[in-house]
Amino acid sequence: MTAINVAIFISGYGSNALNIIEYFDKKKSINIALLLSNNSQSFAIEKGQEKGIETVVFNNDSFKNNDLLLHYLLSKQIDFIVLAGFLKLIPKNITHHFAEKMVNIHPSLLPKYGGKGMYGKQVHLAVLENKETESGITIHYVNEEYDDGHIIFQKKVSVEHGDDVVTLTKKIQQLEHKYYPKIIEQVITSIVSKEFK
Ligand code: GRF
């Protein structure tokens, strides 16, 4: 059976992207085929290149021409999309084409602390300001709204007295790195088993 080709979209540092690339490195059935960023400073772009992964840095204007992007993904035979810290809203033609074949990770227990502008530190600051006793991660399918698609997986972590943005970020990042690759693998495996039934 041919491998499932995955594209990862990032906007920031890309620690999740690198972790996912590492996880699937030796797995034959899932191929990380493309790493795309709208930020030329993304650390993972350079690292991805070193690992021989095709990387693309695009500007936000070219992202607006979403027919071009969809055609590009199809020309690369992409089967599945992973958003890992990608901050732009995904255009409708792409969410439709990749319905239930595109996932995102969010650093809170959605529906709490999601939506436009809620990313990175802002999420953790809001959690701390509201004196939440727990936070966590959410992995969900992507639809045409920010952080709104069907939830696939959540994992909680305690917010302890004395936690700050730095400690909470670290706790959440550990959860992300532990679970995101495994959940991606489960989702793709389940799609493949349905399509070949
Ligand atoms: C992660 O916290 C993820 O949940 C959110 O963006 C962050 C990306 O971090 N969507 P990194 O660039 O993978 O280090």
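One structure accompanies this document, and this report is about it. Here the structure is a predicted model, which is why all the values come from computation and not from measurement.

## Considering the site of the ligand
Phase 1: Neighbouring residues of the ligand: Tyr 13, Gly 14, Ser 15, Asn 16, Gly 85, Ile 105, His 106, Pro 107, Gln 173 and Glu 176.
Phase 2: A distance of 2.6 Å is found between an oxygen atom of the ligand and a side-chain nitrogen or oxygen belonging to Ser 15.
Phase 3: Backbone polar atom of Ile 105 to a nitrogen atom of the ligand: 2.9 Å apart, as the coordinates give it.
Phase 4: Contact with the protein chains removes 82% of the 370 Å² of surface that the ligand exposes when unbound.
Phase 5: When each cavity is represented as a set of grid points, the ligand is found to reside in the largest pocket.

## Focus: the sheet that holds strand E5 (residues 102-106)
Phase 1: The sheet built from seven strands is open, its strands ordered E3-E2-E1-E4-E5-E6-E7 with mixed pairing. The sheet is open, and its two borders are formed by strand E3 (54-57) and strand E7 (151-158), each paired with just one other strand. For this sheet, the mean inter-axis angle between neighbouring strands, taken without regard to orientation, is 20°.
Phase 2: Packed on one face of the sheet, helix H2 (residues 43-50) meets strand E1 (4-10), strand E2 (30-37) and E3 and runs near 155° to E3.

## Description of the packing of aromatic side chains
Aromatic rings in a pair are described by how distant their centres are and how their planes are angled relative to each other.
Phase 1: Under the definition given, this model contains six aromatic pairs.
Phase 2: Their ring planes at 20° and their centres at 4.9 Å tell us that Tyr 13 and Phe 43 sit as a pair that is stacked. On the criterion of sequence distance, the pair formed by Tyr 13 in the loop between E1 and helix H1 (15-24) and Phe 43 in helix H2 is long-range, its members being 30 residues apart.
Phase 3: When the ring of Phe 58 is compared with that of Phe 86, the centres are 6.2 Å apart and the planes differ by 50°; the resulting orientation is tilted. One end of the pair, Phe 58, is in the loop between E3 and helix H3 (60-64); the other, Phe 86, is in the loop between strand E4 (80-83) and helix H5 (92-97), and 28 residues separate them in sequence.

Conventions we followed
- Residues numbered from 1 in each chain as written.
- Predicted model: local features only at pLDDT ≥ 70, side-chain atom pairs only at ≥ 80, totals over all residues.
- Heavy atoms only, no water.
- Near = heavy atom within 4 Å.
- Polar contact = N/O pair within 3.5 Å; in protein donor to acceptor, adjacent residues only side chain to side chain.
- Areas by Shrake-Rupley, 256 points an atom, 1.4 Å probe, with all protein chains shown as cover.
- 1 Å grid on protein atoms, 1.4 Å probe; cavity = no way out; pocket = protein on both sides within 12 Å on 5 of 7 lines; lining within 4 Å.
- Sits in = over half its atoms within 2 Å of the grid points.
- Pairing = 2+ DSSP bridges.
- Helix = DSSP H or I, 4+ residues; strand = E, 2+ residues; numbered from the N terminus.
- Axes fitted to C-alpha atoms, helices over the stretch in contact; angles between N-to-C directions.
- Contact = heavy atoms within 4.5 Å.
- Phe/Tyr/Trp six-rings, centres within 6.5 Å; stacked < 30°, edge-to-face > 60°.

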